[in-house]
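Residue strings, one per chain:
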Amino acid sequence: MKSAFNSTYQTTIAGTVSCSGIGLHSGKQVNLSLFPAEADTGINFIRLDVEEEKSFVKASYQNVTGTTLGTTISNEFGVSVSTIEHLMAAFWGLGVDNVIVALDAAEVPIMDGSSEPFIFLLECAGLKTLSVRRDFIEVLKPITVKEGRSVATISPFDGFSLNIAIDYPNTVIPCQQASYDFGEQSFDSALGRARTFGFVSDVEKLKANGLARGGSLDNAIVISDTEILNEGGLRFVDEFVRHKALDCVGDYFLSGIRIRGAVTTNRPGHGINNKLLRALFANCNAWRLTSATTHTSKKPHRQLEAVF
């Protein structure tokens, strides 16, 4: 399926597709289906295992209620969906604007720990162009946020780019830095196959806290003090920073509409990714809504009103 990232018009998927997998943190089997959606509805999750009137959770930065080892969104009833970032990144990377995600558990399946299985799922569904023009969030001035040793800045840019650096106190993971201009690089080839990763030293503590119960060598890069334990090693020499960039892309798409801007971030995580969006949209002089073709400021349509 050809990406519609730069499409003038909004898109949805052409058909319904489904998959099953294990929740990274719950360890439970999850069934997930993707359905086409109308223009201006954005990305929406529906929990099939709760009462229908409480089941709807909109993919919005404002609904983020957890950022520990994944991004969790919740609605006003406390119904949540967690570990959404890899799926959200696939939507962004392949140019999907509107879709309904139905699942029968509280966590998106981890699959192989990357966005690649979701990219394949979307390619199976195909893409449908809608008759409503796509809008963008245009960044007008730099916004910077900090959280401990982490920092992120978003600045004006005609397109979307990401300059990212990571630094872990582990000899197996070197300091890594990478830059991506998605006007010139495709998400699926640059980031889509990069897997999540974790440390053997953290496993027992995480499981004691109800996390990583579904984690394995099949869905994550596992690192000891001295080596990578996965039999096949890494998919990329810099797979660690690529995956962190993938996470950023998925978290930033909780803006609800695609962003035109350049992000520079050091030691990113789900918490500071959400903090950057909140800071940007809290400053009405730092952004404006523009059309796909004119860059002309315009009144937010109903999708943006629903998000903000």
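Residues numbered from 1 in each chain as written. Predicted model: local features only at pLDDT ≥ 70, side-chain atom pairs only at ≥ 80, totals over all residues. Heavy atoms only, no water.

(A) Focus on the overall build of the chain. Looking only at helices and strands, the chain has 7 helices and 19 strands in total. A globule of 308 residues ought to have a C-alpha radius of gyration of about 19 Å, and the chain, at 18 Å, matches this closely. On the principal axes, the C-alpha backbone points of the chain span a range of 55 × 40 × 35 Å. Within the span of the chain, comprising 308 residues, buried residues form 55% of the whole. In the form shown here, the chain has an accessible surface area of approximately 13,100 Å², with 50% of it arising from carbon and sulfur atoms. Counting 28 positive and 33 negative side-chain charges, the chain places the centres of these two groups 6 Å from one another. (Helix = DSSP H or I, 4+ residues; strand = E, 2+ residues; numbered from the N terminus. Rg over C-alpha atoms; globule rule 2.2 N^0.38 Å. Buried < 20%, exposed > 50% of the residue type's maximum accessible area, 1.4 Å probe, protein only. Areas by Shrake-Rupley, 256 points an atom, 1.4 Å probe, with all protein chains shown as cover. Lys, Arg positive; Asp, Glu negative; His and termini not counted. Charge placed at Lys NZ, Arg CZ, Asp CG, Glu CD.)

(B) Broad picture of the environment of Val17. Assignment of secondary structure puts Val17 in strand β2 (residues 17-22). By relative accessible area, Val17 is classed as buried at 11%. Sequence separation of Val17 and Ala125 is 108 residues, and the distance between their C-alpha atoms is 5.9 Å.

(C) Spotlight on a nonpolar patch on the surface. Side chains of Val200, Leu217 and Leu229 sit close together on the surface and give an oily, nonpolar patch of about 230 Å² of accessible area. For Val200, the position within the fold is in the loop between β16 (197-199) and α4 (203-208). (Patch = residues over 30% accessible without salt bridge, like charges linked within 9 Å, V, L, I, M, F, W, Y side chains within 5 Å. Salt bridge = Lys/Arg side-chain N within 4 Å of Asp/Glu carboxyl O.)

(D) Layout of helix α6 (residues 270-282). Over its 13 residues, α6 extends 18 Å from the first C-alpha to the last, a length consistent with the 18 Å expected when each residue adds 1.5 Å. Listed in full, the buried residues belonging to α6 are His270, Gly271, Ile272, Asn273, Asn274, Leu276, Leu277, Leu280 and Phe281. (Expected span 1.5 Å × (residues − 1).)

(E) Focus on the packing of aromatic side chains. All told, the structure shown has 12 aromatic pairs when counted by the stated rule. Here the aromatic rings of Phe160 and Phe182 are separated by 6.1 Å at their centres, their planes lie at 20 degrees, and the arrangement is stacked. Of this pair, Phe160 sits in strand β14 (residues 160-166) while Phe182 sits in the loop between β15 (176-181) and α3 (187-190), placing them 22 residues apart in sequence. Here Phe160 matches Phe182 in class, with each residue buried. (Phe/Tyr/Trp six-rings, centres within 6.5 Å; stacked < 30°, edge-to-face > 60°.)

(F) Structural context of the confidence of the model for the chain. Confidence in the prediction for the chain averages 91 pLDDT; 92% of positions are at 70 or higher. Between residues 295-308, whose pLDDT stays under 50, and residues either more than four places distant or in other chains, the model counts 46 contacts. (pLDDT = per-residue confidence, 0-100. Contact = heavy atoms within 4.5 Å.)

(G) Structural context of empty space enclosed by the protein. Under the defined criterion, the tally for this structure stands at 4 cavities of 30 Å³ or more. Of the volumes computed, that of the second largest cavity is approximately 50 Å³. What lines the second largest cavity is Trp92, Phe160, Val249, Tyr252, Phe253, Ser255, Ile257, Arg258 and Ile259. Residue composition of the lining of the second largest cavity, by class: 7 nonpolar, 1 polar and 1 charged. (1 Å grid on protein atoms, 1.4 Å probe; cavity = no way out; pocket = protein on both sides within 12 Å on 5 of 7 lines; lining within 4 Å. Points joined across faces, edges and corners; volume = space filled by probe spheres on them. Nonpolar A, V, L, I, M, F, W, Y, C, P; charged D, E, K, R; others polar.)

(H) Expanded view of the packing of helix α1 (residues 85-94) against helix α2 (residues 116-125). Relative to each other, α1 and α2 sit at 50 degrees, their axes nearing to 9 Å. In terms of their interaxial angle, α1 and α2 are classed as oblique. For α1 against α2, the interelement crossing comes out right-handed. The segment α1 lies against α2, with His86, Leu87, Ala90, Phe91 and Leu94 engaging Phe118, Ile119, Leu122 and Glu123. Grouping the constituent residues of the contact of α1 with α2 by class yields 7 nonpolar, 1 polar and 1 charged. (Axes fitted to C-alpha atoms, helices over the stretch in contact; angles between N-to-C directions. Parallel < 35°, antiparallel > 145°, perpendicular 65-115°, else oblique. Left-handed = near helix turned anticlockwise from the far one by under 90°.)

(I) Broad picture of the environment of Tyr180. Along the chain, Tyr180 turns up in strand β15. Other than its neighbours up to four places away in sequence, Tyr180 contacts Phe160, Ser161, Leu162, Ile164, Gln185, Ala190, Leu191, Asp238, Val241, Arg242 and Ala245.

(J) Representation of α1. Among the 10 residues in α1, 10 count as buried, and that is most of the element. Among the residues of α1, Glu85, His86, Leu87, Met88, Ala89, Ala90, Phe91, Trp92, Gly93 and Leu94 are the ones counted as buried.

(K) Structural view of the sheet that holds strand β5 (residues 56-58). Strand order in this open sheet of 5 strands is β2-β3-β9-β4-β5, and the pairing throughout is mixed. Where the open sheet ends on each side, the last strands, each with one partner, are β2 and β5. Each adjacent strand pair in this sheet contributes to an overall mean axis angle of 25 degrees, direction not counted. Where α2 meets the sheet, it contacts β2 and β3 (29-36), and its direction lies at approximately 165 degrees from that of β2. (Pairing = 2+ DSSP bridges.)

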